[in-house]
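Survey of secondary and tertiary structure
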Amino acid sequence: MSDELSGKLWEAFGLLRGEGDIQTGFDVVSSLLLLKLASDQPELLEVPPAARWDVVAKSTSPVDSLTEALRALKSANPESIGTANTALELPTGLKPQTARSLLDLFSQVDLRRGALKHGAVVGKDFDEIQHWLADDSGKRGGDFAPLPAFITRLMVRLADPSPGQTVYDPFAKNGSLLVAASSYVADRYGPDAAVGLVGQTFNMMACDRDRIDLLLHSVPEFFLQHSDALYAPLLDEEGQWRRFDHVFTNPPFSMRYRPEDITAPERMQYGWTSERGNNADLMSLQHVLASLKPDGSGVVVVPPGVLFRGGLEGAIRKNIVEDGRIEAIIGLGPNLLYGTSISICLLIVRGSHEDLLKESLPGMDSILFVDAGRELSRARGKHYLEAEVVEKIVSSVRRRVSIPGFSRSVLIDEIAENRFNLNIPQYVTASSAAGFVPDIRGTLFGGMPKAEVDAELPRFLALGVNISDMFQSAEGDYLAFRPEDFDTTVGRIEERSSEAEDSFNKHCRSVWESITSAFERCLSDGELMDLYGELADLFVDGIRIAGVLDAHESYGVWAWWLSDNESDLRYLIERFPDEVLHPDELDLPVPRDTDDAPTSVIERVLNKLGDDLCGKAAFRASIKRRELPGIFQRWTARYGTSLKDLEAERAVRSAALESKLRSMGFRPPVEGGA
């Protein structure tokens, strides 16, 4: 977030205290921000003379001038803004001195593309403000905050839209999903690449604010309609409901609906829920399915009840599953959205493939279940997913891999045996030490079971620790602990693993140096999303040789690095290979040039980026290293002392006690005596 702009936005909200509620503040700030943006970036909208910022700012009647400017801007852009956009109006009774202060404040901000730090999109700064204020507004925060960025990014990455395709949000809210789709394609394919953006929303004020939000994100081309998608789908020229390449949406949860008012009822091909109760969830899902082209894909936010509720909903779910329309189900956990703490899931759905043989399509006979709820992090009272967890989810879905305790591909036959219950814990079970069953022979007579060592041995070998560093050879299926105290063995484990960790850290640096030229080529090509593809694979293939981090952990390190440095990477892409770079404009602390070892700005920036990437990989490796002594400690606690050893020790101590009592003149009690 650009510090100057975000600071001015906070000041603007401060000036509006006492002028209305938080939503009023949003409307006023977004209106002025759009007005200033349109003047500084005239290619975004038509700007009539009355709406030019220099005209408004010099007016002696700030309220009247702003009112006229906003009205003129709406009239000049009826398709983008809408002539009746009530969100682009000043509140009644706005004080002239407040209006003047706001004009003076925004006059200090230069929103020309070349003047923005990192080439930032204005809407991203405004989003940050919305998220923070929504945090402080409790349940009401859900009325105006966009979906969390990690959710929109995850949804769009799962679908992977391409230039020229169409993207539809039938239950648009803040336009955040449409913005995410537009940004994704521009990042991956270049700034001129675009997708067709279409949205619907049944709330007029939400529709008006969505339009402004899209424009603040510099998205001038879109179609957004105020209508209820469930009752009135968008129609094409032939009167059929429109179909799209991708559908991303976050429908309202558990709404009531009226079956008799639904037009184009053929969309509900899988069945109808009862009109009693709050159960429009599966009706909204069916609208999404009907809105997909045969080869299209959709990602839908749903409450967990959709996965297991019975009755009519269970019958609909059965029909959808049997028709092969669900590709994956991702559980994200609770307390992620503003306004509700309910757990949420993502359904990845596919088009009908009505003109194709379903048997020829991969994955049609199974559904991938992902349980990411145990991977949540927490900040400011809300849960969120780190960048590496997002990457782990995307990688699991695209490769359809099973990871113990995280993901599993389940055949439709097994789902049918469970009466089409899609509850994620039914299929993905968390591995837990609480469920551990000790080896009976090892517990009674001693000896470390080889099977348990073999299950963890790759983690030790990857960090230079061999079986002989912890155990002695023994016959059969059991190993013997070394004849030394626990601390000595742990010290050896720490010594060996520390040496391997140092070697891994050096290896990471060599991998970075080997891909630096390819990294510079990605910057020169100007396509940020290339860094998620070929270059990510080069990095992962390079560090996996060391064996310390697996593929998912390695991709996670790369995603974490990209996420932390995304704004700097955008800045470099815009300027590269121009040497006129300004390190002070980067978030990354780039060292100054020195007379002893003069280097170019680009060299210093690349070195610092490499330091950050290798530091993140080293941090993950250090976590793996610190886990090893704990694993050995658990083994020692389970099998280091057997029950046979304890029984023998008890007999020795009992004999010693009896001898001591006799020496003191006491006669030990007779066993079984009174």
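Structure: above.
So, here's what we can say about the structure. Since the model is a prediction, treat every value here as computed from it, not as a measurement.

Below, the discussion takes up the environment of Pro161. With respect to the helices and strands, the residue Pro161 is situated in the loop between α7 (149–159) and β1 (166–169). In this structure the C-alpha to C-alpha distance between Pro161 and Arg634, which are 473 residues apart in sequence, comes to 48 Å. Beyond its immediate chain neighbours, meaning those up to four positions away, Pro161 contacts Val156, Val167, Tyr184, Val185, Tyr189, His246 and Phe248.

Helix α4 (residues 62–76) packs onto helix α2 (residues 22–40) with a crossing angle of 65° between their chain directions and a minimal axis gap of 11 Å. The angle between the axes of α2 and α4 places the two elements in the roughly perpendicular class. Pair α2 / α4 crosses with left-handed handedness. Facing Ser31, Leu32, Leu34, Leu35 and Ala38 of α2, the residues of α4 in contact are Leu66, Ala69, Leu70 and Leu73. Within the contact of α2 with α4, the residues separate by chemical class into eight nonpolar, one polar and no charged.

Scanning the model with the defined rule gives 17 aromatic pairs in all. Aromatic side chains Tyr168 and Phe244 sit 4.3 Å apart centroid to centroid with 20° between the ring planes, which places their arrangement in the stacked category. Pair noted here: Tyr168 is in strand β1 and Phe244 is in strand β4 (residues 244–249), with a separation of 76 residues, a long-range link. The buried category is assigned to Phe244, whose relative accessible area is 1%. When the ring of Trp512 is compared with that of Phe519, the centres are 5.3 Å apart and the planes differ by 55°; the resulting orientation is tilted.

Glancing now at the environment of Leu282. Among the structural elements, Leu282 can be located in helix α10 (residues 281–290). When its relative accessible area of 2% is taken as the criterion, Leu282 is described as buried. Distance from Leu282 to Glu79, taken between C-alpha atoms, is 32 Å for residues 203 residues apart in sequence. In this structure Leu282 touches Thr273, Val306, Glu313 and Ile316, once residues within four positions along its chain are discounted.

What counts, and at which threshold
Residues numbered from 1 in each chain as written. Predicted model: local features only at pLDDT ≥ 70, side-chain atom pairs only at ≥ 80, totals over all residues. Heavy atoms only, no water. Helix = DSSP H or I, 4+ residues; strand = E, 2+ residues; numbered from the N terminus. Contact = heavy atoms within 4.5 Å. Axes fitted to C-alpha atoms, helices over the stretch in contact; angles between N-to-C directions. Parallel < 35°, antiparallel > 145°, perpendicular 65-115°, else oblique. Left-handed = near helix turned anticlockwise from the far one by under 90°. Nonpolar A, V, L, I, M, F, W, Y, C, P; charged D, E, K, R; others polar. Phe/Tyr/Trp six-rings, centres within 6.5 Å; stacked < 30°, edge-to-face > 60°. Buried < 20%, exposed > 50% of the residue type's maximum accessible area, 1.4 Å probe, protein only.

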